[in-house]
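Next come the chains, spelled out residue by residue.
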Amino acid sequence: MGQQPVEQTEQTQTTESDSVQVGHSLTDLSTPIYGIFILGILYTLYVAHQIVLPIILAILASLLLAPLVKKAQVSWRVPRVFSALILVLLVLAGIAGIGAAVATPAMEWAQRAPEGVSRLLVGDSEIMRQIDKVSRSAQEVEQSVEGLSKEQGQEPTTVVLQTESWRSQLMSKARNGIAGLALALTLTYFLLVSGDRLIRNFVKQLPRPHRSTVLRITRDSQQQIAQYLAVLGLSNTSVGLLTALICWAIGLPDPAVWGLVAGLARFIPYLGNMLTIALLVIVSALSLDTIWMMAVAPLSFILLTTITGVFLEPWIHGFRMAINPIVIFVSIFFWGWLWGPVGVLLAVPLMTVIQVVLKQIPRLRPVYKVIAR
């Protein structure tokens, strides 16, 4: 009879040790499971980008425009249906107007760019002479091979490769882009009209401790995105207009195109400014004669970007990205690899939302402290 408690104690200890081992095994499995889950999400984002991208664009656009819709409803008693429709139509009209204004000049410069760049980089130099010499040698070898084939009674076989022209590829991408834009604008309208109701219904299904966190994430994301895009949009519009005026003053062709490029490219941190400077250098070198005139447009853009980025933007709104520049730079390459040029444009707004989420969730706050400036 005295042995039963001892046996029960041993069984209890064995059960506890088994449960501890099971707990350790589950903990050991959690990391690879999370890794597989993240890889699955990335694969889904890559494969389903034609559906995911319009949804993300619509969410970001609704975050930006929602304060205007709410203000129109509260201050002027304008129903959400009408104010949202007006804002979406204004966005569509702006996109269509910009596209119509720059489409023809952009196509012309796309045709002239390869010839102009080759002439600018090579010209009548020793490199060009060496290339001509290699071309003549290749032609002589080809003629010798053809003569040898004819002596042996064999006719050379001509292989013709059919590839799509860049125009047809561009038109195909344009059709896909227009379809995605239509889907994004439509979804933006419905989010502006019924997005708040959807968020409230979602929050009601959560446990009470998590409701305030979700509402705070939504509010802060909306505020940060609106703040970032509003300040950046204002400063980029100013830089674009001034760049267009400078290009017009020094006689560059199609100054509106370069002003638009200068304004839009600044939405891409670092890379956008470098791209604009390179384009202005090439266009100035191809269109102007004197060296000092060639340097006016790129140097003016550098000066405008410096003044705007260092002085005006912080003074206007006091807003700076609280993310380490290395993280921003890596995110540009990552989203660009995942979604192409649209991903490059969305990199900073997405990082803004991710930053807000990491900051508001206690378990993820250490990650926010790592990536913070």
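None of these values were measured; they are calculated from a predicted model.

1. Looking at the UniProt feature "transmembrane region" (unreviewed entry) in the protein chain
So, point 1. Feature annotation in UniProt assigns "transmembrane region" (unreviewed entry) to the following positions: residues 36–69, 81–103, 178–199, 225–251, 257–283, 290–312 and 332–358.
So, point 2. Secondary structure content for residues 257–283 is 81% helix and 0% strand, while the C-alpha to C-alpha distance between its ends is 11 Å.

2. Digging into the packing of helix α2 (residues 49–76) against helix α11 (residues 341–360)
So, point 1. At a minimum axis separation of 11 Å, α2 and α11 run at an interaxial angle of 50°. Relative to α11, the element α2 lies oblique. Here the hand of the crossing between α2 and α11 comes out left-handed. Across from Leu53, Ile56, Leu57 and Leu60 in α2, the residues of α11 making contact are Val342, Leu346, Pro349, Leu350 and Val353.
So, point 2. Class assignment for the residues of the contact of α2 with α11 results in nine nonpolar, no polar and no charged.

3. Considering the environment of Gly343
So, point 1. One can find Gly343 in helix α11.
So, point 2. When sequence neighbours within four positions are dropped, the list of residues in contact with Gly343 reads Trp335 and Gly336.

4. Things to note about the layout of surface pockets
So, point 1. Looking at the second largest pocket, its volume works out to about 1,800 Å³.
So, point 2. In this structure, the second largest pocket is lined by 48 residues; those nearest its centre are Ile59, Ile217, Ser221, Val353 and Val357.
So, point 3. Sorting the residues of the lining of the second largest pocket by element identifies α1 (3–47), α2, α5 (166–204), α6 (208–250), α10 (325–339), α11 and α12 (365–371) as the ones contributing at least two each.
So, point 4. By residue number, the principal contributor to the lining of the second largest pocket is α6, which donates nine residues.
So, point 5. Residues of the lining of the second largest pocket, tallied by class, amount to 35 nonpolar, eight polar and five charged.

5. Comments concerning the side chain of Thr243
So, point 1. Looking at where Thr243 falls in the secondary structure, it is placed in helix α6.
So, point 2. Residue classification places Thr243 among the buried positions, given a relative accessible area of 3%.
So, point 3. Residues in contact with Thr243, not counting those within four places in the same chain, are Trp258, Gly259, Ala262, Leu280, Phe301 and Leu304.

6. Quick notes on the pattern of salt bridges
So, point 1. Within the structure shown, the criterion is met by one salt bridge.
So, point 2. Notably, a salt bridge pairs Arg80 with Asp196, separated by 2.7 Å at the nearest N-O pair. A residue pair is termed long-range when its members are at least 10 positions apart, and Arg80 in helix α3 (residues 80–121) and Asp196 in helix α5 qualify at 116 residues.
So, point 3. Residue Asp196 is classed as partly exposed on the basis of its relative accessible area, which comes to 32%.

7. Observations regarding the nonpolar core
So, point 1. With 27 residues, the main nonpolar core has Ile56, Leu60, Ile332, Trp335, Trp339, Leu346 and Leu350 as its most contacted residues.
So, point 2. Those elements that provide at least two residues to this core are α2, α6, α10, α11 and α12.
So, point 3. Tallying contributions element by element places α11 first for this core, with seven residues.
So, point 4. With residues near it in sequence (within four places) discarded, Leu350 still touches Ile56, Trp335 and Trp339.

8. Looking at the environment of Leu338
So, point 1. Residue position: Leu338 is located in helix α10.
So, point 2. Taking the C-alpha atoms as reference, Leu338 lies 5.8 Å from Tyr46; in sequence the two are 292 residues apart.
So, point 3. With residues near it in sequence (within four places) discarded, Leu338 still touches Leu42, Leu45 and Tyr46.

9. As for the packing of aromatic side chains
So, point 1. If you walk through the whole model with that rule in mind, you get six aromatic pairs.
So, point 2. Within the aromatic cluster, the residues linked to one another by ring pairs are Tyr46, Phe334, Trp335, Trp337 and Trp339.
So, point 3. Across the ring face of Trp76, the terminal group of Lys71 is positioned such that the distance to the ring centre comes to 6.0 Å.

10. Observations regarding the packing of helix α7 (residues 255–265) against helix α8 (residues 271–287)
So, point 1. Packing of α7 against α8 brings their axes to within 8 Å, and their N-to-C directions diverge by 160°. The pairing of α7 with α8 is recorded here as roughly antiparallel in orientation. Crossing geometry of α7 relative to α8 is assigned as left-handed. In contact with Trp258, Val261, Ala262 and Ala265 of α7, α8 contributes Gly272, Asn273, Thr276, Leu279, Leu280 and Val283.
So, point 2. Tallied by class, residues from the contact of α7 with α8 come to seven nonpolar, three polar and no charged.

11. Regarding α6
So, point 1. Along its 43 residues, α6 runs 63 Å from first to last C-alpha, staying within 8% of the 63 Å computed at 1.5 Å per residue.
So, point 2. Phi turns positive, to about 90°, at Gly251, one or two residues after α6.

Rules of the game
Residues numbered from 1 in each chain as written. Predicted model: local features only at pLDDT ≥ 70, side-chain atom pairs only at ≥ 80, totals over all residues. Heavy atoms only, no water. UniProt positions renumbered as here; feature names shortened; annotations may be inferred. Helix = DSSP H or I, 4+ residues; strand = E, 2+ residues; numbered from the N terminus. Axes fitted to C-alpha atoms, helices over the stretch in contact; angles between N-to-C directions. Parallel < 35°, antiparallel > 145°, perpendicular 65-115°, else oblique. Left-handed = near helix turned anticlockwise from the far one by under 90°. Contact = heavy atoms within 4.5 Å. Nonpolar A, V, L, I, M, F, W, Y, C, P; charged D, E, K, R; others polar. 1 Å grid on protein atoms, 1.4 Å probe; cavity = no way out; pocket = protein on both sides within 12 Å on 5 of 7 lines; lining within 4 Å. Points joined across faces, edges and corners; volume = space filled by probe spheres on them. Buried < 20%, exposed > 50% of the residue type's maximum accessible area, 1.4 Å probe, protein only. Salt bridge = Lys/Arg side-chain N within 4 Å of Asp/Glu carboxyl O. Core = buried A, V, L, I, M, F, W, Y, C linked by side-chain atoms within 4.5 Å. Phe/Tyr/Trp six-rings, centres within 6.5 Å; stacked < 30°, edge-to-face > 60°. Lys NZ or Arg CZ within 6 Å of the ring centre and 35° of its normal. Expected span 1.5 Å × (residues − 1).

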